[in-house]
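Inside the fold
One letter stands for each residue in the lines below.
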Amino acid sequence: MGMKEAYEKKIDAQLDEWKVEIDKLKAKADKAEADAQIKYHKHIEDLRAKQEAARERLVELKEAGGDAWEDLKAGLDNALKSLGDAVKSATSYFK
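Below is a short write-up of the structure. All figures in this text were calculated on a predicted structure; none of them were measured in a lab.

Looking at where A32 falls in the secondary structure, it is placed in the loop between α1 (3-31) and α2 (34-63). Setting aside its immediate chain neighbours within four residues, A32 contacts Q37 and Y40.

Rendered as structure tokens:
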């Protein structure tokens, strides 16, 4: 397996892990009081948007040929950092 394929598998696994975390947060939000639900669901919408942006960048990277994937890797890394930070923040907020 090449570096690109290994990186893709790593990112897929990380995105799947964060999806589970976001789903758990949504379940907590659904059980919250009405006022809190509004705030929680706003956080979840933001997380889903960041998650979708990261998935889109991963698709671009997977479709990139040759050395072009290296150029796309930086953008994907930034999207993943943003999503990871947002998941941590939301997890803390929901406690």
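Over its 30 residues, α2 runs 43 Å from end to end, which matches the ideal 44 Å to within 8%, given 1.5 Å per residue. Buried within α2 we find Y40, I44, L47, Q51, A54, L58 and L61. Here the buried face of α2 lies against α1 and α3 (68-93).

The next subject is the side chain of K4. When you line up the elements, K4 lands in helix α1. Within the structure, K4 has its side chain in polar contact with the backbone oxygen of K62 (distance 3.2 Å). Setting aside anything within four residues of it in sequence, one finds K4 in contact with L61, K62, A64 and W69.

So, on to the pattern of salt bridges. What the rule picks out here adds up to 11 salt bridges. R48 is the partner of D23 in a salt bridge, and the nearest nitrogen-oxygen pair spans 2.7 Å. Placement of the pair is D23 in helix α1 and R48 in helix α2, with a sequence separation of 25 residues. Linking D77 and K73 is a salt bridge whose minimum nitrogen-to-oxygen distance equals 3.3 Å. Of the two residues, D77 and K73 both sit in helix α3, 4 residues apart, roughly one turn of that helix. What makes K73 partly exposed here is its relative accessible area of 25%. When salt bridges with common partners are traced through the structure, they connect D12, D16, R55 and K62 into a single cluster.

Calculation criteria
Residues numbered from 1 in each chain as written. Predicted model: local features only at pLDDT ≥ 70, side-chain atom pairs only at ≥ 80, totals over all residues. Heavy atoms only, no water. Helix = DSSP H or I, 4+ residues; strand = E, 2+ residues; numbered from the N terminus. Contact = heavy atoms within 4.5 Å. Expected span 1.5 Å × (residues − 1). Buried < 20%, exposed > 50% of the residue type's maximum accessible area, 1.4 Å probe, protein only. Polar contact = N/O pair within 3.5 Å; in protein donor to acceptor, adjacent residues only side chain to side chain. Salt bridge = Lys/Arg side-chain N within 4 Å of Asp/Glu carboxyl O.

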